Amino acid sequence: MPDEREVLLDVDHVTLRFGGVVALNDVSFSLYKGEILGLIGPNGAGKTTCFNVMTGVYKPTSGGVLFDDKKITGKKPHEINRMGVARTFQNIRLFPEMSAIENVMVGTDSRHYTSVLGALFRLYRVKVKPEELPRVDSSNGLVRTWQQVARTSAKIFGLSRHTLEERAGERKSLELLRLVGIEHRANELARNLPYGDQRRLEIARALATEPKLLCLDEPAAGFNPAEKEQLNQLIRKIRDMGYTVLLIEHDMRLVMGVTDRIVVLEFGKKIAEGTPAEIRDNPKVIAAYLGESADAA
Amino acid sequence: MTETPNEGRLSGVSNFFAGVGNRWRGLPKWQRGIGFLAFVAFLYYLPLLGVPGLTWLRTDSIEGGNNWAGVLFTCAVYVLIALGLNVVIGLAGLLDLGYVGFFAIGAYAVAIFGSTQSPVVKSLQDKFDLAPEWAITWAICIPIAIALAMISGVILGWPTLRLRGDYLAIVTLGFGEIIRIVIRNSTNWSGGPAGIASIPGPQGAPSADNHIFGLIDAKPWYWLALSIVLLVVFLVRRLENSRVGRSWLAVREDEDAAAVMGVNPFKFKMWAFAIGAALGGLSGFLFASRQGFIEPNQFNANLSILFVAMVVVGGSGNMAGAALGAVLLAYLPERFRDFSEYRFLVFGLALVLVMLLRPQGLLPSKRRARELKDRQEEVAVGA
Amino acid sequence: MNFDELFGHLGQHTVDGLAKGSIYALVALGYTLVYGVLKLINFAHSEVFMIGTFAVLGVWNLLGADGTQGVAMTLLLLAAGLLGGALASGATAVAVERVAYRRLRQLNAPPLIFLITAIGISMVLSETFGIWQGRLVVGMPTLIKQKVAFTIFGTEVTNTQLITIVAALVMMFALDQFINRTRYGRGVRAVAQNPDAAALMGVNKDRVIMLIFLLGGLLAGAAALLYSVRYGNTRFNVGFLLGLKAFTAAVLGGIGNLRGALLGGLLLGVVEVYAATLTQSNWEDVAAFVVLVVVLLFRPTGLLGESLGRARA
């Protein structure tokens, strides 16, 4: 059914060996633009390994991964991010000593151009629209004069690209924090955030890099049912905004409820692929999950 | 006199500083601006310090004490070093134990190209039939010194910044020592163990006619160095509050996560290293200009560790902390003469105690998160 | 470049390099042991070695060594020096671990903090000796007069070279056996491979760590004795360059790997002596540094690979 759609990510016969251990064995599947694909499997099936191959942490022994018809394997993590792949981490990896909004701004920075020289000298000026000019709103006469000078100079010389990018980054970061529902915590240090907010912050940070594909690695780990439901809605909302989502998840109910299609791995091999309904009835999947059926249901 | 800080006293001192810092950050922006200007004015006034009750601060208030303005100049040069090393250690989280190498390169750049006594200048004179007074102008030596230090930083960083942090420490430690050995051995261009004299200042080669930047009156030198320090503070602040500063912080906190978020860790580490090297070169340049004479043994490896000590003890990642560390380190041995024999010992001890009891240093870096709050309010107003 | 001298007496220079390298190897073992278990560069190890040399000097002065004693007395002095050096170095290493590193481990401090602490300790130790013993080179009595012990294939091997190389090899062998054959060694390997699992299996991690610091210190003390015999002097900062080179040797062979430390040490010694011969000794220190950078660039895990646990010592 979905095969006429445009392929965004193509995992092509990927095999990965660590010494004698075969972590991934000839895994192939495709991800289509605009869908939510679930990647599931019992513990140790190779889900996260597969993820790491896709995001450039490991190089496959053979086979390759195409993203947007470009080869992804062998590229450095930051290059893969620029190509449009963003991810979250199973074990949260924020920048703990930075505030929430700064964490997200690191993500927005990846689409900006200002670097060391631009930040130092700020010579690259850009003309700005009147509504973006600095405001004159102080009641203190001295400050007001200063604001007028700033406004006039911005009118004549424009603003530096650094300034504009900083503002755009801040605005966008706030929007993203609002999207995931933690904008009231923008100025708190990441390490002081509650667990659930840290997970949400990771999603906001990943979205800030303007990805075409968002990979979520067990985003619901440690969530209670109410939080899972919120996450469920958030993922749909993200998809509706035009992102493609790859979801690795342990929680079967979440996966079944939110994904369009599911790929099942077991012992490094793909054992099934299909819609949630097909997967639910697939005997191989049932067999693979039998040992875990208690917590999977 | 040697301080024996126990945990309580140590945190007492820094609680005092932290309290002052919090109060300071709580003030409105314009009051902070005025306070800062007053502080800067006081710094410029410092060499003339004659306020009753404060004159005991002057190093010439003790018998045989050194020229007060000269000590202030040394303090300013050390602060410049601390600011540079703070970029490397404090912001980017790279432990550079060979910072003295860049300092030496900057110092030797002005000596080799600017002094009429240097073998390089002499051979240039011979080759192009130039007058014996000819040498490269002091002002042109500034970019040369910075560029040479920066280039050597890049050459050193290229292979080593990809390695684990602890390897970087060892390689840089070796680097600092190697620079000294190379300079000492290369008699044909660096003057070898004898050193190079007649290093120029802003008014050219040292001579009795230099009324402003002469050998005796150090006040203009101090004002020059202070101005450079303020300029550097301004520039480094710009970096801190930009994408660059955020990237450094992100790489320091979690390099892999930063890379996955699109930060090129190698690029930003390299920039930090190069900027640090450039500032090291600049401070070496100033040091050599004022001294008029340098020799390889002034740049031994212990200095590198002393530099690390001033950044770390003061508070790495925080310019005020690093500067405080530098001033303590340069000033205390001058004011308290009995102390100077023990200074390496005391600062080594301080390093260990700070690491064990208060790893964030006397003035921990707390500024960034707050700063953003200010800006965020602006955005909220602007939106 | 003095190629004639180098190739004219290649054998002699090689033997000299091996003797020099043996000292590096013994010190390198200290770095490698600690790194293998804690993944931490014990910067203060160079000062552990330095204290060993002063202990050797102290013992010799105490026993009245003056270079004129007979064979029996010389052997006694060597044994006493070994004992004194090894004890002083071992005690220093253990003290450093107890006073500083253990607390940092409890605080779960990041590696940078360990490193800076170690540097601070290194500075404190060397400055203490600088203030106490003066900052000049301190001479030692010449215990063994240089003599050609035997000639093999036209290469003369002196008695001190012979003693150095043989002693280092014997100690290496003993350490290898200790790590591979004894219960304590098994504990060390277990902690190196997986500290948490080892702790669960009842290995006392703190004791193992103490043991490796002690072993590293004892070997550094032995190296201090061999150094004293070879060079006949010491200084408060003698550990700095030697420590840097021993660390280079450890990285060269593969840090964390005991046999790697031996190989790296010997190789580095030979390279240095060759470089010194070629350049009239001005550039030998630079050679070691170049080796370090080249190794890190092309083979960061060293010649034999890193791993105390896996490489079977």
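- You'll find chain C entered in an unreviewed UniProt entry as Branched-chain amino acid ABC transporter permease, with Winogradskya consettensis given as the organism.
- The UniProt entry for chain C carries the following comment under Subcellular location (unreviewed entry): "Cell membrane".

- An unreviewed UniProt entry lists chain B under the name Branched-chain amino acid ABC transporter permease, with Winogradskya humida given as the organism.
- Looking at the Subcellular location (unreviewed entry) heading of the UniProt record, one finds this comment for chain B: "Cell membrane".

## Some thoughts on the overall build of chain C
For step 1, the next point in the chain: Looking only at helices and strands, chain C has 12 helices and 4 strands in total.
For step 2, the next point in the chain: Relative to a compact globule of 313 residues, whose C-alpha radius of gyration would be 20 Å, chain C shows 19 Å and is just as compact.
For step 3, the next point in the chain: Taken over the C-alpha atoms alone, chain C extends approximately 55 × 45 × 35 Å along its principal axes.
For step 4, the next point in the chain: Pairs at least 24 apart in sequence give 79% of the contacts found in chain C among residues at least 6 apart.

## A few points about the sheet that holds strand β3 (residues 36-40) of chain A
Residue and element names in this part refer to chain A.
For step 1, the next point in the chain: Overall, mixed pairing links the 6 strands, which are arranged β6-β9-β10-β3-β11-β12 in an open sheet. Only two strands of the sheet have a single neighbouring strand rather than two, namely β6 (85-87) and β12 (269-274). Between one strand axis and the next, the sheet turns through 20 degrees on average, direction left out of account.
For step 2, the next point in the chain: Summarising the sheet, β6 and strand β9 (residues 213-217) pair through 3 bridges and their orientation is parallel.

## Quick word on the UniProt feature "transmembrane region" (unreviewed entry) in chain B
For step 1, the next point in the chain: Under the local residue numbering, the UniProt record ascribes the feature "transmembrane region" (unreviewed entry) to residues 33-56, 68-90, 97-115, 135-158, 221-239, 271-293, 305-332 and 344-363 of chain B.
For step 2, the next point in the chain: Annotation note: span residues 33-56 of chain B, helix share 54%, strand share 0%, distance between end C-alpha atoms 29 Å.

## A short note on the arrangement of the chains
For step 1, the next point in the chain: Where the 2 pairs of chains in contact are concerned, the greatest contact count is recorded for chains A and B.
For step 2, the next point in the chain: The two units chain A and chain C are non-contacting; their minimal C-alpha-C-alpha distance is 14 Å.

## A word on the sheet that holds strand β1 (residues 7-18) of chain A
Remark on secondary structure: sheet strands pair via backbone hydrogen bonds, oriented parallel or antiparallel.
Residues and elements named next belong to chain A.
For step 1, the next point in the chain: Sheet architecture is open: 4 strands sit in the order β2-β1-β4-β5, paired in antiparallel fashion. In this open sheet, the two edge strands, each paired with only one partner strand, are β2 (21-32) and β5 (70-71).
For step 2, the next point in the chain: Where strand β4 (residues 62-67) lies against β5, 2 bridges are found, and the strand directions are antiparallel. When the sheet's bridge partners are listed, Leu66 is paired in β5 with Lys71.
For step 3, the next point in the chain: Strand contacts of helix α1 (residues 47-54): β1, β2 and β4, with the helix running at about 65 degrees to β2, the strand carrying the most contacts.

## Quick notes on the interface of chain C and chain B
For step 1, the next point in the chain: At the junction of the two partners, chain C supplies 31 residues and chain B supplies 32 residues.
For step 2, the next point in the chain: Of all the secondary-structure elements, those providing two or more residues to the side of chain C that touches chain B are α4 (71-107), α5 (111-133), α10 (238-253) and α12 (284-298) of chain C.
For step 3, the next point in the chain: The dominant element in the side of chain C that touches chain B, judged by the number of residues it contributes, is α5 of chain C, at 14 residues.
For step 4, the next point in the chain: In the side of chain C that touches chain B, the residues fall into 24 nonpolar, 4 polar and 3 charged.

## Quick notes on the interface of chain B and chain A
For step 1, the next point in the chain: Contacts between chain B and chain A engage 30 residues on the former and 38 residues on the latter.
For step 2, the next point in the chain: Of all elements in the fold, only α9 (219-240), α10 (243-253), α11 (255-260) and α16 (367-382) of chain B reach the threshold of two or more residues within the side of chain B that touches chain A.
For step 3, the next point in the chain: Counted by class, the side of chain B that touches chain A contains 17 nonpolar, 6 polar and 7 charged residues.

## Concerning the UniProt feature "transmembrane region" (unreviewed entry) in chain C
Residues and elements named next belong to chain C.
For step 1, the next point in the chain: Mapped onto this numbering, the UniProt entry gives "transmembrane region" (unreviewed entry) at residues 23-41, 48-65, 71-100, 112-132, 160-179, 208-229, 235-255 and 286-305.
For step 2, the next point in the chain: What you have in residues 112-132 is 100% helix and 0% strand, and the ends, taken at the C-alpha atoms, are 30 Å apart.
For step 3, the next point in the chain: The straight-line gap between the two end C-alpha atoms of residues 208-229 is 32 Å; of that span, 100% is helix and 0% is strand.

## Describing the pairing of strand β11 (residues 261-266) of chain A
All names here are of chain A.
For step 1, the next point in the chain: Among the 6 residues of β11, 5 are classified as buried, and the element is accordingly described as predominantly covered.
For step 2, the next point in the chain: As defined by bridge partners, β3 adjoins β11 across 4 bridges and the pair is classed as parallel. Within β11, the residue paired with Ile40 across the bridge is Val264.
For step 3, the next point in the chain: Relative to β12, β11 is paired through 5 bridges, and the arrangement is antiparallel.

## Remarks on unusual backbone geometry
Residues and elements named next belong to chain A.
For step 1, the next point in the chain: The backbone of His13 shows a phi angle near 45 degrees, a positive value even though the residue is not glycine.
For step 2, the next point in the chain: By the element assignment, His13 lies in strand β1.
For step 3, the next point in the chain: Residue His13 is classed as partly exposed on the basis of its 13 C-beta neighbours within 10 Å.
For step 4, the next point in the chain: Even without being glycine, Glu210 reaches a positive phi, approximately 50 degrees.

## A closer look at the confidence of the model for chain C
Low pLDDT marks stretches whose predicted atomic positions should not be read closely.
For step 1, the next point in the chain: With 96% of its residues at a pLDDT of 70 or more, chain C shows a mean pLDDT of 85.
For step 2, the next point in the chain: Averaged pLDDT values for the elements of chain C fall to 73 in strand β2 (residues 148-152) of chain C and rise to 91 in helix α3 (residues 45-62) of chain C.

## Notes on the packing of α3 of chain C against α4 of chain C
Residue and element names in this part refer to chain C.
For step 1, the next point in the chain: The contact between α3 and α4 brings their axes to 8 Å, and the two run at 145 degrees. Here α3 and α4 pass one another in a crossing that is right-handed. Contacts between α3 and α4 involve Val48, Phe49, Ile51, Gly52, Ala55, Val56, Gly58, Val59 and Trp60 from the first element and Leu77, Ala80, Gly81, Gly84, Gly85, Ala88, Ser89, Thr92 and Ala93 from the second.
For step 2, the next point in the chain: When grouped by side-chain class, the residues that make up the contact of α3 with α4 number 11 nonpolar, 7 polar and no charged.

## Side note on α1 of chain A
Along an α-helix, residues three or four apart share an orientation, since each turn contains 3.6 residues.
All names here are of chain A.
For step 1, the next point in the chain: Burial of α1 is extensive: 6 of the 8 residues sit out of reach of the surface.
For step 2, the next point in the chain: Every buried residue of α1 is listed here: Lys47, Thr49, Cys50, Phe51, Val53 and Met54.
For step 3, the next point in the chain: At the exit of α1 stands Gly56, carrying a positive phi of roughly 85 degrees.

Cut-offs used in this document
- Residues numbered from 1 in each chain as written.
- Chains lettered and ligands numbered in written order.
- Predicted model: local features only at pLDDT ≥ 70, side-chain atom pairs only at ≥ 80, totals over all residues.
- UniProt positions renumbered as here; feature names shortened; annotations may be inferred.
- Helix = DSSP H or I, 4+ residues; strand = E, 2+ residues; numbered from the N terminus.
- Rg over C-alpha atoms; globule rule 2.2 N^0.38 Å.
- Contact = placed C-beta atoms within 7 Å.
- Pairing = 2+ DSSP bridges.
- Axes fitted to C-alpha atoms, helices over the stretch in contact; angles between N-to-C directions.
- Nonpolar A, V, L, I, M, F, W, Y, C, P; charged D, E, K, R; others polar.
- Buried ≥ 20, exposed ≤ 12 C-beta atoms within 10 Å, placed from the backbone.
- pLDDT = per-residue confidence, 0-100.
- Left-handed = near helix turned anticlockwise from the far one by under 90°.

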